[in-house]
Amino acid sequence: MESSSSGSAKARQSSGGGGGADTFDIPGKGAPIERLKRWRQAALVLNASRRFRYTLDLKKEEQKEEVKRKIRAQAHVIRAAYRFKEAARVNVQPKETTAPHVDGALGFGIKEEQLTALTRDHNYSALQQYGGISGVANMLKTDMEKGTGGDDPDLKARQNAFGSNTYPRKKGRSFLAFVWDACKDLTLIILMVAAAVSLALGIATEGIKEGWYDGASIGFAVLLVVFVTATTDYKQSLQFQNLNEEKQNISLEVVRGGRRIKVSIYDLVVGDVVPLKIGDQVPADGILISGHSFSIDESSMTGESKIVNKDQKSPFMMSGCKVADGYGTMLVTAVGINTEWGLLMASISEDSGEETPLQVRLNGVATFIGIIGLTVAVLVLVVLVARYFTGHTYNPDGSPQYVKGKMGVGATIKGIVKIFTVAVTIVVVAVPEGLPLAVTLTLAFSMRKMMRDKALVRRLSACETMGSATTICSDKTGTLTLNQMTVTEAYFGGKKMVPTDNTEMLSASVSTMIIEGIAQNTSGSIFEPEGGQAEVTGSPTEKAILSWGLQLGMKFNETRSKSSILQVFPFNSEKKRGGVAVHVGDSEVHIYWKGAAELILESCTDWLDADGSKHSMTPEKVGEFKKFIEDMAVASLRCVAFAYRPCEMSDVPNEDQRAEWILPEDNLIMLGIIGIKDPCRPGVQDSIRLCTAAGIKVRMVTGDNLQTARAIALECGILTDPNVLEPIIIEGKTFRALSDLAREEAAEKICVMGRSSPNDKLLFVKALRNRGHVVAVTGDGTNDAPALHEADIGLSMGIQGTEVAKESSDIIILDDNFASIVRVVRWGRSVYANIQKFIQFQLTVNVAALIINVVSAVSSGDVPLNAVQLLWVNLIMDTLGALALATEPPNNHLMQRPPVGRREPLITNIMWRNLLIMAFYQVAVLLALNFDGQNLLQLKHDNHAHAEKVKNTFIFNTFVLCQVFNEFNARKPDELNVFKGITGNHLFMGIIAITVVLQVLIIEFLGKFTSTVRLSWQLWLVSIGLAFISWPLALLGKLIPVPDRPFSDLFACCCPGKKQDDDVKEEEGSAKQGELAKQVELLAQHSPLRQMLRKK
């Protein structure tokens, strides 16, 4: 990386941050619609329906947004009407209202349509007439504390009565639809017409017995190409469908039978009680049972970035919205298609269309090659037609094919059709329609395999970008550590508790206060079965604290019932603390706080002794507490402090104003501090070592204090020296206080950031990207969404991550394990490497086939490879080649090289060297055979016509076998041993075997169709021998050194003026992109779901 700021700006551009002069270059995230339209218009396409199938359908996106607007407008109108009606009812003299007539539904006290209308219309008066939330719960046979029974008959009855939480999805495209798409290829249509003409003329001139072969063989070859192409595309489509279903299958907690259990969102039923916390998605329509500081972001349904507070006066909740703050429980009243979200999802198709930067660049490569191929085909057509009509094109027996005045119209047309067919087939071979689709193929393959490696890809381009990652900013908890937390040290009453549950050293009043603070100030829960072991649920930190409370003798439900919660301040990652105010009796109120130890300590003015007496927090005592915190942090423990503040009920606002009440967090009384151990994940050191060897710097960003962060970083291998200072290890507040330039300078050196807030993480990501880094960042909280969006690759956690974080991310790490992130990097690099292998292989075939046909056409008036043979070669190099090479699994060699620059040339100097050596070898051999084949193959004594057929068959056979052998070379462009790991790729071996078997069948048994003859075993051996030379030749070629600087850069030196123009355009594009990123970031902070919809 360059150290200067101007250098870093260039580095940023080179890593793909800004716009570029190249039409076929789009950013990895948030590409403007104009850029997407521009490359489509510039691409040379013969089959638009196939080429653009896996790209974003811009027209459908507009239609999707229109459908959303209509559904939202309908919902607004209905609610407005009810509000108008409600206002009229309030202003008019109230009449005695009767409760609405309730009809039972399959054993329940209310019908499906009544419940649906209740929540859809937000009809508060109807809710009151049903008896409020408790009345509805009784009708649904739900206990608001313990939930539904949860047994299978009960769940089945609820699904029968009220429907399931699924919605009808548009069926995937059938296999025949893919066949039809493949048939739309312009060149294949022309070939089918030519085949029909050839068939008709052949039968007319030679009779049905002999005349049908030429036309039928072309038709059969075209159909083979169509069906193989359709089969490959259909399989890809099924893979994308499965991955889309996996993305939508959210796991959530419900209360059934008194215990919290995890279920799929699809298994949710009406009557379920669902606990919700900040960052969760509301899984169905429902009514709020209870909540604290509970607010919802309804932008996904209303289209307005507005946070709506939910309470008993405004209890209705819409499916698909996100919890913006607080926590609470809701009663499910409508599911599936009965919700607005279900209606919305059923109305819009979930397309997997999304172009990736690599896919677009390959469209550029395909266009460039296609233009050359088209030019060559026109040249061949002109030359062959000219030679044909001047009598310089000869039959195998040496006689001219066209003699003026002696040829019938049918024979002349047939000759022209043959020439035209060859020219069109050259276009088929030359325009690599399958090149951009090879990206989709390898991405589909990689995504399926990555699911097994515990990574769910939400955005295709993230697979590619991950291969270019230069730095990973990782969370500590659960990613580098196991997330299996236990309280191992405790310091209460001014003393260390040994063991940690030794309550005998504390007075009863202190123990009671600690237990009350643990039980009430939590978002977790404990299920206490009779005679069984207690089941603790919640975040890992909450579970550790609640489990410790049980060891202290806490009876969770009993403790909570003794006092009532007045107000809650949910744990906040910015303030790193959470609080609760509880009414303990009479006029006494306790405000409990827990959070980051040193921050809580700063707010304390007193501390509680073991006997319950209160003492002033002297500087000496502060030092004592700090020493204890530091000792725990050095032992890599997370330090959590508990404090409280007593107050009178008269200090608490009345119920109407309580929602706005901010809990006092000063003048606290310190109760004590605990140390929570979260051990490092096994193997994390090896993973970090692997990243370092691969040129990827791992940086730890954590909310824990600096000493804990340092201890864990040393344990993981992120730090090697325990005495490092700033800026290598830095606090979030120090980093955020720096100027922009100083922040960028510091970001380059930072390895560990402690006590960081989500905003610090965002600033860190921006600074690194401005320095030219390709940044992958992990996140699990709602507030991490802007950083996940800003990063080149956002990685959310599948277990601990909130739905908001997941929807802002590009890849979900399903097991929250850092080793899985490293596997994603391997797959990312594999995608790029596999595409390069395929490009090298395909270009070799392209160059060789074009040169051979052009030179032969110009010099002899004939081409050695006819239309059917070229179609077979096209199948080998296009569909089968992509399957064989684009699905190569990743290997360790990929992690022994630096990251691939996203603007690095697709065709590297190594690839140019390899493909030119192979292409020139094949061209030299085949042209030698074409011009002097009868001598070289000792066929002079044979009949001239037969000898010509044998020669052309031998050329075709050798050419195909050269491709088979070269396919092995393409596997390892920069390694000498091309057979390494070959047994692990069964698909590659299978395709090679199929290709060879089919080639033998074509030569030995299908000669009539392909215009070939059988070859003797000696000629087979010679053919194999010539193809085999590809291996040692490639080996020798790899010993030839190539310059590190790309050839394109060397050519650019010749025209510096153009380069300067491009740089100016780069900077303009980069500025526009930066402005767009700012707008998207603001939107992300207020509307996570809108951002998700925009991405899709």
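Keep in mind that what you see is a predicted model, and the values were worked out from it rather than measured. Position numbers for residues start from 1 in each chain and track the written sequence from start to end. Two thresholds apply to this predicted model, a pLDDT of at least 70 for residue-level local features and 80 or more for giving and counting side-chain atom pairs, whereas whole-chain, interface and lining totals are computed over all residues. No hydrogens and no water enter the side-chain calculation; it runs on all heavy atoms of the structure.

Engineer: I tried to follow the sheet that holds strand 24 (residues 775-779) on my own but got confused; where do I start?
Structural biologist: Two orientations exist for strands paired in a sheet by backbone hydrogen bonds: parallel and antiparallel. Two strands are said to pair when DSSP picks up at least two bridges between them. Per the convention used, a helix needs a DSSP run of H or I reaching at least four residues, while a strand needs a run of E reaching at least two, with both numbered from the N terminus. Strand order in the open sheet formed by eight strands is 8-26-25-24-9-21-23-22, with mixed pairing between adjacent strands. At either margin of the open sheet sits one strand with a lone partner, and together these are strand 8 (455-457) and strand 22 (729-731). If you compare each strand with its neighbour and ignore which way they point, the axes differ by 20° on average. With three bridges connecting them, strand 22 and strand 23 (residues 752-754) associate as parallel partners. Bridge pairing links Ile 729 to Val 752 in strand 23. Note on definitions: angles span 0 to 180 degrees between N-to-C directions of axes, and those axes are lines fitted to C-alpha atoms, for helices only across the stretch in contact.

Engineer: I keep staring at the pairing of strand 14 (residues 564-572) and nothing clicks. Help me out?
Structural biologist: Remember that side chains alternate between the two faces of the sheet whenever the strand is regular. Pairing analysis gives six bridges linking strand 14 to strand 15 (residues 577-585), with the strands arranged antiparallel. Each bridged residue has a counterpart across the sheet, and for Ser 564 the counterpart in strand 15 is His 583. Counting the residues between successive antiparallel strands, the hairpin from strand 14 to strand 15 contains four residues, one of them, Lys 576, with a positive phi of roughly 55°.

Engineer: Looking at this structure, how should I read the packing of helix 16 (residues 409-430) against helix 31 (residues 818-860)?
Structural biologist: The relative placement of two packed helices is expressed as an angle between their axes plus a distance between the axes. Orientation of helix 16 relative to helix 31, taken along the N-to-C sense of each, is 160°, at an axis distance of 10 Å. Classified by the angle between their axes, helix 16 and helix 31 sit roughly antiparallel to one another. Here helix 16 and helix 31 pass one another in a crossing that is left-handed. Mapping the contact onto sequence places Ile 426, Val 429 and Ala 430 in helix 16 and Asn 846, Ala 849, Leu 850 and Asn 853 in helix 31. Residues of the contact of helix 16 with helix 31, tallied by class, amount to five nonpolar, two polar and no charged. By definition in this entry, angles of less than 35 degrees are roughly parallel, angles greater than 145 are roughly antiparallel, angles of 65 to 115 are roughly perpendicular, and the rest are oblique. Handedness of each helix crossing follows the sense of rotation of the near helix against the far helix: counterclockwise by less than a right angle gives left-handed, clockwise gives right-handed. Whether two residues touch is decided by their heavy atoms; if any such pair falls within 4.5 Å, the residues are in contact. When residues are grouped by polarity, Ala, Val, Leu, Ile, Met, Phe, Trp, Tyr, Cys and Pro land in nonpolar, Asp, Glu, Lys and Arg in charged, and all others, Gly among them, in polar.

Engineer: Looking at this model, I keep getting lost on a negative patch on the surface. Mind explaining?
Structural biologist: Grouping into patches uses exposed residues only, defined as over 30% relative accessible area, and leaves out salt-bridged ones; the cut-off is 9 Å for like charges and 5 Å for nonpolar side chains (Val, Leu, Ile, Met, Phe, Trp, Tyr). All accessible areas in this document rest on Shrake-Rupley with a 1.4 Å probe, and a residue is counted as covered only by the protein chains that are shown. Counted as salt bridges are all cases of a side-chain nitrogen of Lys or Arg within 4 Å of a carboxyl oxygen of Asp or Glu. Working convention for charge: Lys and Arg count positive, Asp and Glu count negative, and His plus the chain ends are omitted. Where a charge sits is defined by one atom per residue type, namely NZ (Lys), CZ (Arg), CG (Asp) or CD (Glu). Residues Asp 586, Glu 588, Glu 648 and Asp 651 make up a contiguous surface patch of negative charge. Examined against the element boundaries, Asp 651 turns out to sit in the loop between strand 19 (637-648) and strand 20 (668-677).

Engineer: What should I look at first to understand the pattern of salt bridges in this one?
Structural biologist: Charged atoms that come close allow side chains of opposite charge to pair. According to the stated counting rule, one finds 36 salt bridges in the structure shown. One salt-bridge network, in which partners are shared between bridges, spans Asp 475, Lys 761 and Asp 784.

Engineer: Any chance you could explain the nonpolar core here in plain terms?
Structural biologist: As a rule of thumb, soluble globular proteins bury nonpolar side chains together. Grouped together as the largest cluster of nonpolar side chains are 155 residues, with contacts concentrated most on Ile 718, Val 752, Ile 793, Ile 811, Phe 818, Ile 839 and Phe 959. Beyond its immediate sequence surroundings of up to four residues, Ile 839 is in contact with Leu 362, Leu 435, Leu 906, Ile 907 and Met 911. Ranked by size, the runner-up nonpolar core spans 47 residues in total, among them Phe 108, Ile 133, Phe 294 and Leu 344. Here the nonpolar core consists of buried residues drawn from Ala, Val, Leu, Ile, Met, Phe, Trp, Tyr and Cys, with membership extended through side-chain atoms lying within 4.5 Å. To sort residues, take the accessible area from a 1.4 Å probe on protein chains only and compare it with the maximum for the residue type: under 20% means buried, over 50% means exposed, and anything in between is partly exposed.

Engineer: Looking at this structure, how should I read the packing of aromatic side chains?
Structural biologist: For any two aromatic rings, the description comes down to two numbers: the centre-to-centre distance and the angle of the planes. Pairing of aromatic side chains requires ring centres within 6.5 Å, counting the rings of Phe and Tyr and the six-membered ring of Trp. Pairs whose planes differ by under 30 degrees are stacked, by over 60 edge-to-face, and all others tilted. In the structure shown here, the tally under the stated rule is 21 aromatic pairs. Geometrically, the ring pair formed by Phe 569 and Trp 593 is tilted, given 5.5 Å between the ring centres and 55° between the ring planes. Placement of Phe 569 in strand 14 and of Trp 593 in strand 16 (residues 588-596) is noted, with a sequence separation of 24 residues between them. By relative accessible area, which is 1% here, Trp 593 ends up buried. The interplanar angle of 55° and the centroid separation of 5.9 Å between the aromatic rings of Phe 968 and Phe 979 together place this pair among those described as tilted. Linking Phe 968 in helix 34 (residues 944-971) with Phe 979 in the loop between helix 34 and helix 35 (986-1005), this pair joins segments that are 11 residues apart in sequence. Since its relative accessible area comes to 37%, Phe 979 is described here as partly exposed. Taken together, the ring pairs connect Phe 965, Phe 968, Phe 979, Phe 988, Phe 1028 and Trp 1031 into an aromatic cluster. In this arrangement the basic side chain of Lys 621 is found over the ring face of Trp 607, its NZ or CZ atom lying 4.1 Å from the centre. Definition used: whenever NZ (Lys) or CZ (Arg) falls within 6 Å of the ring centre and also within 35 degrees of the ring normal, the charge is taken to sit over that ring.

Engineer: Explanation requested: unusual backbone geometry in the structure shown.
Structural biologist: The phi torsion of most residues other than glycine is negative, and most of the peptide bonds are trans. In this structure, Pro 499 follows Val 498 across a cis peptide bond, with omega equal to -10°. Within the secondary structure, Pro 499 sits in the loop between strand 11 (495-496) and helix 19 (508-520). That bond from Glu 726 to Pro 727 is cis: its omega, 0°, falls within 30 degrees of zero. Relative to the assigned elements, Pro 727 resides in the loop between helix 25 (706-716) and strand 22. At His 122, a position not held by glycine, the phi torsion is positive, near 50°. Along the chain, His 122 falls in the loop between helix 5 (112-120) and helix 6 (124-129). In this model, Asn 667 sits at a positive phi of 50°, which is unusual for a non-glycine residue. With respect to the helices, strands and loops of the structure, Asn 667 is situated in the loop between strand 19 and strand 20. Asn 667 gets classed as partly exposed once you look at its relative accessible area, which sits at 43%.

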